Amino acid sequence: MFTSEKGVVEEWLSEFKTLPETSLSNYATNLKDKSSLVSSLYKVIQEPQSELLEPVCHQLFEFYRSGEEQLLRFTLQFLPELIWCYLAVSASRNVHSSGCIEALLLGVYNLEIVDKQGHSKVLSFTIPSLSKPSVYHEPSSIGSMALTESALSQHGLSKVVYSGPHPQREMLTAQNRFEVLTFLLLCYNAALTYMPSVSLQSLCQICSRICVCGYPRQHVRKYKGISSRIPVSSGFMVQMLTGIYFAFYNGEWDLAQKALDDIIYRAQLELYPEPLLVANAIKASLPHGAMKSSKEGTRCIQVEITPTSSRISRNAVTSMSIRGHRWKRHEQPDNSNDTSELGILVIPEISVTNVAGERTGNGEKGRTLGDIDAQHIQGVQETATDPRTESKGLPEIRRQKSVRKMMEDGINSPGRVQF
């Protein structure tokens, strides 16, 4: 660490101690623009043997419990680097050099698990329903699935996941280590939109280091320093993926893609289903080309939204149009059976051929037409031509057609057909 960088940190330490309470808000607003101070603090955290590490951790904790939102976010931006330094020192079993970092992590954790009144927090998360539109989808584009989800949502079956209450911790052990670190990453991810690019870069780098240290891929990545394997939990890896997914679309494409590959590599070795599911889903949703988004521009995820206008054509065939067409067809008179003479309805004669032979139309053998059937058909024709049945022409046509249908189907009629 250079002397100039050490002087910047020492000035920062002394400045806050003499700062009056009324100037705290202005100080916090101007603090995020001091890039030289931020880079110097990163170098202090990366050197466990530095004499400035303990006062820096103490002041970062003072920032966090001050209640000022800008100072709280200033401390949160160093959280990935602090987690990596603690895990690296724990893996090397040099616990004494990480005491101030452990105290800072425990202090942030114990402050976050309680509200302003000192009561334990219970965080709730509502799982999104596919029946309700979002920036990622519209229910109309899903089809029948949206109907099922809509029916479920009307009965109040939305699933809510609760986290907490979390117990207070006085020290970090092998049993509660990743419970605390996972919750801290959850707090970091809640403020991702306020994190500078240097913090996102640090997140991607420490995710890669945690996942490959002690494995053959460490030589491919050319990571030096610690060579011991760092144990991780499934929930901790899922929280890492949340931050990496944000980094993809906020100017850190290369580092985020490398970190994603390393997390998949480690999840496959550990056989963790949750990180594999989330990581593969992120990988499948990524565009083919690198995102060229500006680091200073608006931070967002580009999605394609279905237009709100209806895409159904006005001439589309629906059940109502088919029903209306059927009614209209039945109401129209059959002009082919009309003659030029008014009041006379002519019924076409039925021509029965191949009575004794076989019919090939319906694949069945023809049957012999009996004398009673022939007399019955002749009686139907004579009844239809009677002037007294002029007003009943249409029913007779239907009767005659039904008889024709029976003859074409090859069904033996009984001696007398009941209409």
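Residues numbered from 1 in each chain as written. Predicted model: local features only at pLDDT ≥ 70, side-chain atom pairs only at ≥ 80, totals over all residues. Heavy atoms only, no water.

**Student:** Could you give an account of helix H4 (residues 53-64), naming the residues involved and the relevant values?
**Tutor:** Look at H4: 17 Å from first C-alpha to last across 12 residues, which is about the 16 Å you get at 1.5 Å a residue. Packing partners of the buried residues in H4 comprise helix H1 (3-17), helix H2 (24-31), helix H3 (35-45), helix H5 (69-76) and helix H7 (99-112). (Helix = DSSP H or I, 4+ residues; strand = E, 2+ residues; numbered from the N terminus. Expected span 1.5 Å × (residues − 1). Contact = heavy atoms within 4.5 Å.)

**Student:** I'd like a rundown of the environment of Gly99, residues and numbers included.
**Tutor:** Along the chain, the position of Gly99 falls in helix H7. The partly exposed category is assigned to Gly99, whose relative accessible area is 36%. The sequence separation of Gly99 and Val89 amounts to 10 residues, and the corresponding C-alpha distance is 10.0 Å. (Buried < 20%, exposed > 50% of the residue type's maximum accessible area, 1.4 Å probe, protein only.)

**Student:** Pulling in residues and values, what's your account of empty space enclosed by the protein?
**Tutor:** For the structure on display, the rule yields 2 cavities of 30 Å³ or more. The calculated volume of the second largest cavity comes to roughly 40 Å³. Taken together, Thr75, Leu76, Leu79, Leu82, Leu104, Leu105 and Val108 form the lining of the second largest cavity. When contributions to the lining of the second largest cavity are tallied by element, the ones reaching two or more residues are H5, helix H6 (79-91) and H7. With 3 residues, the top contributor of residues to the lining of the second largest cavity is H7. When grouped by side-chain class, the residues that make up the lining of the second largest cavity number 6 nonpolar, 1 polar and no charged. (1 Å grid on protein atoms, 1.4 Å probe; cavity = no way out; pocket = protein on both sides within 12 Å on 5 of 7 lines; lining within 4 Å. Points joined across faces, edges and corners; volume = space filled by probe spheres on them. Nonpolar A, V, L, I, M, F, W, Y, C, P; charged D, E, K, R; others polar.)

**Student:** Describe the side chain of Ser202, naming the residues involved and giving the relevant values.
**Tutor:** Mapping Ser202 onto the fold places it in helix H10 (residues 197-212). Classification of Ser202 by relative accessible area gives buried; the value is 5%.

**Student:** Got a sec to walk through the state of the cysteines? Specific residues and values, please.
**Tutor:** By the definition in use, this model includes 0 disulfides. This cysteine, Cys211, is not joined by any disulfide, and Cys207 carries the nearest cysteine sulfur, 6.5 Å off. The class of Cys211 is buried, set by a relative accessible area of 0%. (Disulfide = S-S within 2.5 Å.)

**Student:** Tell me about the packing of H1 against H2, residues and numbers included.
**Tutor:** Following both chains from N to C, one finds H1 and H2 inclined at 160 degrees, their axes separated by 12 Å at the closest point. Taken together, the axis directions place H1 and H2 in an arrangement best described as roughly antiparallel. Along this stretch, H1 crosses H2, giving a crossing that reads as left-handed. On H2, the residues that touch Trp12, Glu15 and Phe16 of H1 are Leu24, Tyr27 and Leu31. Taken together, the residues of the contact of H1 with H2 sort by class into 5 nonpolar, no polar and 1 charged. (Axes fitted to C-alpha atoms, helices over the stretch in contact; angles between N-to-C directions. Parallel < 35°, antiparallel > 145°, perpendicular 65-115°, else oblique. Left-handed = near helix turned anticlockwise from the far one by under 90°.)

**Student:** Tell me about the packing of H1 against H3, and name the residues and values.
**Tutor:** Packing of H1 against H3 leaves a shortest axis separation of 9 Å and a crossing angle of 100 degrees. The pairing of H1 with H3 is recorded here as roughly perpendicular in orientation. On the side of H1, the interface is formed by Glu5, Val8, Val9 and Trp12, while H3 contributes Leu37, Ser40, Leu41, Lys43 and Val44.

**Student:** Help me get a handle on H7, residues and values and all.
**Tutor:** Across its 14 residues, H7 extends 20 Å between first and last C-alpha, which sits within 8% of the 20 Å expected from 1.5 Å per residue. Within H7, 10 of the 14 residues are buried, which leaves the element mostly enclosed by the surrounding structure. Buried residues along H7 sit in contact with H4, H6 and helix H9 (177-190).

**Student:** Which residues make up the pattern of salt bridges, and what values do they have?
**Tutor:** Under the counting rule described, the total for this entry stands at 9 salt bridges. Of the charged contacts in the structure, one is a salt bridge between Glu179 and Arg169, with a shortest N-O distance of 2.9 Å. One end of the pair, Glu179, is in helix H9; the other, Arg169, is in the loop between strand E2 (160-163) and H9, and 10 residues separate them in sequence. Look at Glu179 and you get partly exposed, because its relative accessible area is 34%. Residues Glu270 and Arg266 are paired through a salt bridge, measuring 3.0 Å at the closest nitrogen-oxygen approach. In this pair, Glu270 and Arg266 are both assigned in helix H13 (residues 253-270), 4 residues apart and thus about one turn of the helix distant. Salt bridges linked by common partners bring Arg217, Arg221 and Asp262 together as one network. (Salt bridge = Lys/Arg side-chain N within 4 Å of Asp/Glu carboxyl O.)

**Student:** Give me the lowdown on the side chain of Ser90, citing residues and values where you can.
**Tutor:** Examined against the element boundaries, Ser90 turns out to sit in helix H6. Within the structure, the side chain of Ser90 is placed 2.8 Å from the backbone oxygen of Tyr86, a separation counted as a polar contact. (Polar contact = N/O pair within 3.5 Å; in protein donor to acceptor, adjacent residues only side chain to side chain.)

**Student:** Account for a nonpolar patch on the surface, with residues named and values stated.
**Tutor:** On the surface, a nonpolar cluster with roughly 290 Å² of combined accessible area is contributed by Val122, Val160 and Tyr162. Tracing the sequence through the fold places Val122 in the loop between H7 and strand E1 (123-126). (Patch = residues over 30% accessible without salt bridge, like charges linked within 9 Å, V, L, I, M, F, W, Y side chains within 5 Å. Areas by Shrake-Rupley, 256 points an atom, 1.4 Å probe, with all protein chains shown as cover.)

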